[in-house]
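Descriptive analysis of the structure
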Amino acid sequence: EWEERQKTRQLEMEAVSKALAVLSGDDAHDLFTRTFNPAFVQTSQDSERRTKAAQVLKQVASKFNNPNLATLAYQVKLDAFTRVKKAIDDMI
């Protein structure tokens, strides 16, 4: 039983080594470079502006007791993923 488990572990390690070699090879790198979609990368500038706008709307909503502005503030904050969701839907 011990020898069988040792043999199994050795085979697993060889398989993992082969998989790592494939994934870190030049072909895999070229494929990633060709298929990489920068639309999924979040830029900090957009994120900062969106966060700032949501904060301003939230403050004004609190100051004037306006639930519509509070709702808008949350929508602005959560709407950051709309483009990502659309891109995923388009891929499906």
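Residues numbered from 1 in each chain as written. Predicted model: local features only at pLDDT ≥ 70, side-chain atom pairs only at ≥ 80, totals over all residues. Heavy atoms only, no water.

1. Here we look at the overall build of the protein chain
Looking only at helices and strands, the protein chain features 5 helices and 0 strands. The helix and strand sequence of the protein chain, counted from the amino end, reads α-α-α-α-α. Within the protein chain, the proportion of its 92 residues that are buried is 7%. With the model as given, the accessible surface of the protein chain reaches about 8,600 Å², and the carbon-plus-sulfur share is 58%. (Helix = DSSP H or I, 4+ residues; strand = E, 2+ residues; numbered from the N terminus. Buried < 20%, exposed > 50% of the residue type's maximum accessible area, 1.4 Å probe, protein only. Areas by Shrake-Rupley, 256 points an atom, 1.4 Å probe, with all protein chains shown as cover.)

2. A word on unusual backbone geometry
The backbone phi angle of asparagine 65 is positive, close to 50°, even though this residue is not glycine. Among the secondary structure elements, asparagine 65 is positioned in the loop between helix H3 (44–64) and helix H4 (67–78). On the accessibility criterion, asparagine 65 (70% relative accessible area) is exposed.

3. Quick notes on the pattern of salt bridges
Going through the model one piece at a time under the given rule, you end up with 1 salt bridge. The closest approach of N and O atoms between glutamate 12 and arginine 9, which form a salt bridge, is 3.5 Å. Highlighted residues: glutamate 12 and arginine 9, both in helix H1 (residues 2–23), separated by 3 residues, approximately one helical turn. Glutamate 12 gets classed as partly exposed once you look at its relative accessible area, which sits at 42%. (Salt bridge = Lys/Arg side-chain N within 4 Å of Asp/Glu carboxyl O.)

4. Things to note about the environment of glutamine 55
With respect to the helices and strands, glutamine 55 occurs in helix H3. Between the alpha carbons of glutamine 55 and tyrosine 74 there is a distance of 9.3 Å; along the sequence they are 19 residues apart.

5. Some thoughts on H4
Spanning 12 residues, H4 covers 16 Å between terminal C-alpha atoms, matching the ideal 16 Å at 1.5 Å per step. For H4, the side-chain oxygen to backbone nitrogen distance between the N-cap and asparagine 68 is 2.9 Å, and the N-cap itself is asparagine 66. (Expected span 1.5 Å × (residues − 1). Polar contact = N/O pair within 3.5 Å; in protein donor to acceptor, adjacent residues only side chain to side chain.)

The values reported here are purely geometric and, on their own, carry no functional implication.
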